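Residue strings, one per chain:
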Amino acid sequence: DVVMTQSPLSLPVTLGQPASISCRSSQSLVSSDGNTYLSWFLQRPGQSPRRLIYKVSNRHSGVPGRFSGSGSGTDFTLKISRVEAEDVGVYYCMQATHWPPFTFGQGTKLEIK
Amino acid sequence: EVQLVESGGGLVKPGGSLRLSCAASRFTFSYYTMNWVRQAPGKGLEWVSSISGSSNSIYYADSVKGRFTISRDNAKDSLYLQMDSLRAEDTAVYYCARVGDYGDYDPRQGIDYWGQGALVTVSS
């Protein structure tokens, strides 16, 4: 199975400042069709996960423009341009290229300083 | 928006059984691959099982293979997870989750919507 490794695991950020989370995979996530099936999810406290980004850099419907995804191969990044209070929670990356199974990163907990 | 509502969670003794249900609405249920994903208390996300829209393709995580059975009833817009021989390590919130493959079986499209979860506690 593909192992997904996120860093950092804890991310204290000041409101209005940028934030960045890294996700690395144990093998390339480029699929045979040329797409890269890497998604990002946010799980707010006490809630279920919600998708933010799919196929590396596509924002899910309704996701604010301050969220962006980038990367290729085995190295991916989620960026928040200016952190807001509602961004607090745990962020997960997930690969679907080498399915089954879907595999997730360990999670990165974003908190406000 | 897509709605997924799980039910059937609860407290069960080791070795016991439980059946989870997920009621889907606001989308054409039969067109989508569906999944169960679980989250142990204070831990990360673990994929459990997946079933295609036609039920022709079914997969399980090694940790539950031979003990859990996924199924669906497209006439009732419902997904199920029959859990047998439960162990303490199966204690988790179980989420029903949709893959955004719309009529074209392709789980690589990944999960796009999640339910609110059902808590399963396995303890004597």
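The residue numbers shown here count from 1 along each chain, following its written sequence. Key to labels: chains lettered from A, ligands numbered from 1, both in the order written. Side-chain atom pairs in this predicted model are given and counted only at pLDDT of 80 or more, local residue features only at pLDDT of at least 70, and totals for whole chains, interfaces and linings cover all residues. Computation of side-chain values: all heavy atoms of the structure, hydrogens and water removed.

To qualify as a helix, a DSSP run of H or I must reach at least 4 residues; to qualify as a strand, a run of E must reach at least 2; elements of each kind are numbered from the N terminus. Of the regular secondary structure elements, chain B holds 0 helices and 11 strands. In terms of overall dimensions, chain B has a C-alpha envelope of 45 × 30 × 25 Å along the principal axes. Buried, partly exposed and exposed residues are distinguished by accessible area as a fraction of the type maximum, computed with a 1.4 Å probe on protein chains only: under 20%, between the cut-offs, and over 50%, respectively. Out of the 124 residues in chain B, the part that is buried amounts to 51%. Throughout, a contact is declared for two residues whenever any of their heavy atoms are within 4.5 Å. Partitioning the contacts of chain B with sequence separation of at least 6, the portion at a separation of at least 24 is 56%. Using a 1.4 Å probe, accessible areas were evaluated by the Shrake-Rupley method; residue-level cover was limited to the displayed protein chains. Total accessible area on chain B stands at roughly 5,500 Å², and carbon and sulfur atoms take up 45% of it. Taken as two groups, the 12 positive and 13 negative side-chain charges of chain B have centres that lie 5 Å from each other. Only four residue types enter the tally: Lys and Arg on the positive side, Asp and Glu on the negative side; His and the chain ends are excluded. Here the site of a charge means atom NZ of a Lys, CZ of an Arg, CG of an Asp or CD of a Glu.

Attention now moves to the sheet that holds strand β3 (residues 19-25) of chain A. Within a sheet, each strand pairs with its neighbour through backbone hydrogen bonds, oriented either parallel or antiparallel. All names here are of chain A. Pairing within the open sheet is antiparallel, and its 4 strands lie in the order β1-β3-β8-β7. Only two strands of the sheet have a single neighbouring strand rather than two, namely β1 (4-7) and β7 (67-72). Neighbour to neighbour, the strand axes of the sheet diverge by 20 degrees on average, direction disregarded. Of the pairings in the sheet, the one linking β1 to β3 comprises 4 bridges and is antiparallel in character. Looking at β3, one finds that Gln6 is bridged to Cys23. What makes two strands pair is DSSP finding at least two bridges between them. Where helices are involved, their axes are fitted lines through C-alpha atoms of the stretch in contact, as for all axes, and angles between N-to-C directions lie from 0 to 180°.

In short, the description is geometric, and any link to function would need to be established separately.
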